[in-house]
Amino acid sequence: MAPEAGKGSRIKILIVDDIPEARENLKKLLAFETDIEVVGTASTGREGLTLAKELMPNIILMDINMPDMDGITATRELRKMIPSAGVVMMSVQGEAEYIRRAMAAGAKDFLTKPPPADELYETIRRVFNDLPDASSVITYGGASDVAGGAQRTGRLSTLDSGKTTHVVVVYSPQGGVGKTTVATNMATELMKEGTKVLLIDGKMQFGDVGIFLNLKPATTILDLVNEAEDLDMDLVNSVLATHDSGLRVLLAPQRPEEAELVDPSRVRIMIEKLRGAFDFIIIDLGTALSGIALEVFDLADRIILVATPTLPSVIHTLTVIKLFDDLGYPEAKVQLVINKVTPDLERAKVTLAVAAIESRLKRKAIGVLPMDERKVLFAVNRGTSVVAKERNTSPAKEIIALADALKASLQPDVDAAAIPADTGKPGSSNLLSRFLTTKK
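Everything numeric here is computed off the predicted structure, so don't read it as measured data. (Residues numbered from 1 in each chain as written. Predicted model: local features only at pLDDT ≥ 70, side-chain atom pairs only at ≥ 80, totals over all residues. Heavy atoms only, no water.)

A. Expanded view of the packing of aromatic side chains. Considering all chains together, one arrives at three aromatic pairs under this definition. Relative to F297, the ring of Y171 lies with its centre 5.2 Å away and its plane at 80°, an arrangement referred to as edge-to-face. Here F297 lies in helix 12 (residues 291-299) and Y171 lies in strand 6 (residues 166-171), a separation of 126 residues in the sequence. The pair Y171 / F297 is uniform in exposure class, with both members buried. Where F324 meets Y329, the ring centres are 5.6 Å apart and the plane angle is 35°; that geometry is what we call tilted. In this pair, the class of F324 matches that of Y329, namely buried. Taken together through their ring pairs, the aromatic side chains of Y171, F297, F324 and Y329 make up a single cluster. Positioned over the ring face of Y329 is K333, at 4.1 Å from the centre of the ring. (Phe/Tyr/Trp six-rings, centres within 6.5 Å; stacked < 30°, edge-to-face > 60°. Helix = DSSP H or I, 4+ residues; strand = E, 2+ residues; numbered from the N terminus. Buried < 20%, exposed > 50% of the residue type's maximum accessible area, 1.4 Å probe, protein only. Lys NZ or Arg CZ within 6 Å of the ring centre and 35° of its normal.)

B. Layout of the packing of helix 11 (residues 264-274) against helix 12. Axis separation between helix 11 and helix 12 bottoms out at 8 Å; the angle between their running directions is 30°. Relative to helix 12, the element helix 11 is oriented roughly parallel. Regarding helix 11 and helix 12, the two cross each other, and that crossing is right-handed. Here helix 11 contributes P264, S265, V267, R268, I271 and E272 to the contact with helix 12, which in turn contributes G291, I292, E295, V296, D298 and L299. Looking at side-chain class alone, the contact of helix 11 with helix 12 contains six nonpolar, two polar and four charged residues. (Axes fitted to C-alpha atoms, helices over the stretch in contact; angles between N-to-C directions. Parallel < 35°, antiparallel > 145°, perpendicular 65-115°, else oblique. Left-handed = near helix turned anticlockwise from the far one by under 90°. Contact = heavy atoms within 4.5 Å. Nonpolar A, V, L, I, M, F, W, Y, C, P; charged D, E, K, R; others polar.)

C. Fine view of the environment of S43. Inspection of the secondary structure puts S43 in the loop between strand 2 (36-42) and helix 2 (45-55). Residues S43 and D63 lie 20 residues apart in sequence; the distance between their C-alpha atoms is 9.5 Å. Setting aside chain neighbours within four positions, we find S43 in contact with D17, D18, R23 and M66. At a separation of 3.0 Å, a polar atom in the side chain of S43 contacts the side chain of E47. (Polar contact = N/O pair within 3.5 Å; in protein donor to acceptor, adjacent residues only side chain to side chain.)

D. Focus on the pairing of strand 2. Across six bridges, the pairing between strand 1 (residues 11-16) and strand 2 is parallel. Counted as the bridge partner of I15 is T41 from strand 2. (Pairing = 2+ DSSP bridges.)

E. Structural view of the pattern of salt bridges. Within the structure shown, the criterion is met by 19 salt bridges. With a closest N to O distance of 2.9 Å, R125 and D35 form a salt bridge. With a gap of 90 residues between them, R125 in helix 5 (residues 117-130) and D35 in the loop between helix 1 (20-30) and strand 2 connect regions that are remote in the sequence. The same class applies to R125 and to D35, which are both buried. For the salt bridge of D63 with K113, the shortest nitrogen-to-oxygen distance reads 3.4 Å. (Salt bridge = Lys/Arg side-chain N within 4 Å of Asp/Glu carboxyl O.)

F. Inspection of the sheet that holds strand 4 (residues 86-91) at higher detail. Reading across the sheet, the five strands line up as 2-1-3-4-5 and stay open at both edges, with parallel pairing between neighbours. Lying at the two open borders of the sheet, with one neighbouring strand each, are strand 2 and strand 5 (109-112). Averaged over all pairs of adjacent strands, the angle between strand axes in this sheet comes to 25°, irrespective of strand direction. Pairing geometry for strand 1 and strand 3 (residues 59-63), over four bridges, is parallel. Within strand 3, the residue paired with L14 across the bridge is I60. Across the sheet, helix 5 is in contact with strand 1, strand 2, strand 3, strand 4 and strand 5; its angle to strand 5 comes to roughly 170°.

G. Region of interest: the packing of helix 2 against helix 3 (residues 71-81). At a minimum axis distance of 10 Å, the contact between helix 2 and helix 3 shows a crossing angle of 15°. Judged on the interaxial angle alone, helix 3 and helix 2 are roughly parallel. By crossing handedness, the relation of helix 2 to helix 3 is classed as right-handed. On helix 3, the residues touching G45, L49, A52 and K53 of helix 2 are A74, E77, L78 and M81. Within the contact of helix 2 with helix 3, the residues separate by chemical class into five nonpolar, one polar and two charged.

H. Inspection of the nonpolar core at higher detail. By size, the foremost hydrophobic cluster in this structure holds 79 residues, and its most contacted members are M270 and I271. Ignoring sequence-local partners within four residues, the contact set of I271 consists of V167, I200, I281, I283, V296 and L299. (Core = buried A, V, L, I, M, F, W, Y, C linked by side-chain atoms within 4.5 Å.)

I. Region of interest: the side chain of E189. Secondary-structure assignment places E189 in helix 7 (residues 179-190). Note on E189: relative accessible area 4%, which makes it buried. Beyond its immediate stretch of four places on either side in the chain, E189 contacts V387, R391, I400 and A403.

J. Just the pairing of strand 3, in detail. Burial of strand 3 is extensive: five of the five residues sit out of reach of the surface. Bridging between strand 3 and strand 4 involves five bridges; their strand directions are parallel. Bridge assignment links M62 to a residue of strand 4, and that residue is M89. At this point the chain moves from strand 3, through helix 3, to the parallel strand 4, and the crossover so formed is right-handed. (Right-handed = clockwise from strand over helix to strand, strands pointing away.)

So this is what it looks like as structure tokens:
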């Protein structure tokens, strides 16, 4: 028996593929599932757009290579036409570039053709349950204007200053590892005299940076990303929040459904424009491997990969390291931080040893941060940073050392030995392999 879809009705599917056999095979696979209904099929991208407008499906299974309009272009159009629907892209090619392009266009997931039945069912249900209700989708600032904005000429002002800006992404595939604590405190510590730092809350649903810093989100990333090609300093300054410490912050959307309105390609353009105004841009990213994640990973000079001394965290971190390897990122770009370390628990073998984690992941940690929930919670509840006081005690002194090590690794004149070296490639993992393995 099929599991409940979770929204009180059958999941309506539109299949868009130029190969008749592929369409029929998908229809046969889906016919066995009582909570899934194929409401239509199309052989071209343009036909798919017409049928989607008529049938209003929940999920569109979209082939990437088709005559007259490819799946990437059709997905971009569908995102504007039916923002409450989700596109699952399909291709016989499973290379990272295809995944990146699909996610940047707005696809919710990617399947390599022909997909195994269980994987197909699981993907459809997961994407469906993550979709906003059609009644709650908000059109913001004129969707057609946003889509056509790439034709406009930007007013660069002081944003186009040629300044060397380092983009640092703080990421973990698992929640609860203290990623936002690392991002907010590292950004605060980097903000020395004469150094301009921007902290971006990249978690588009339920962002935490504003809560951690006690900032009220009068304006959010939507106010900049919708004007990505036309940014000037007046607009930027009117949107960014300013913490009591002087840290500039770009907050996440206020409502979870507004995440659908943040175009990944526009996030990339926005960050590239903002490079001219800051020395460091720190991005606190959500856990999902979304289109936004792939865009900012590419842009980043450093990815701070946060793990904790638990088996699930190490396994998920290993998977992500393999993903970054397959995306062709140099080893020095991805730096490991081990957070929430408790020496007493490590000695008692309750948690994994730092040395064992480094050995398993085959890379040295740039920072090892001890657990001190009292100090962290005290700072969060008062909207301040851990490094703002008690700088000579843990975990403030370790976070300060992390910020110093990060800065040193980004200086071109620092000896290469200052950057923790990797001792080899991580082991393989079958998690997320469908994103990266070409199936025969």
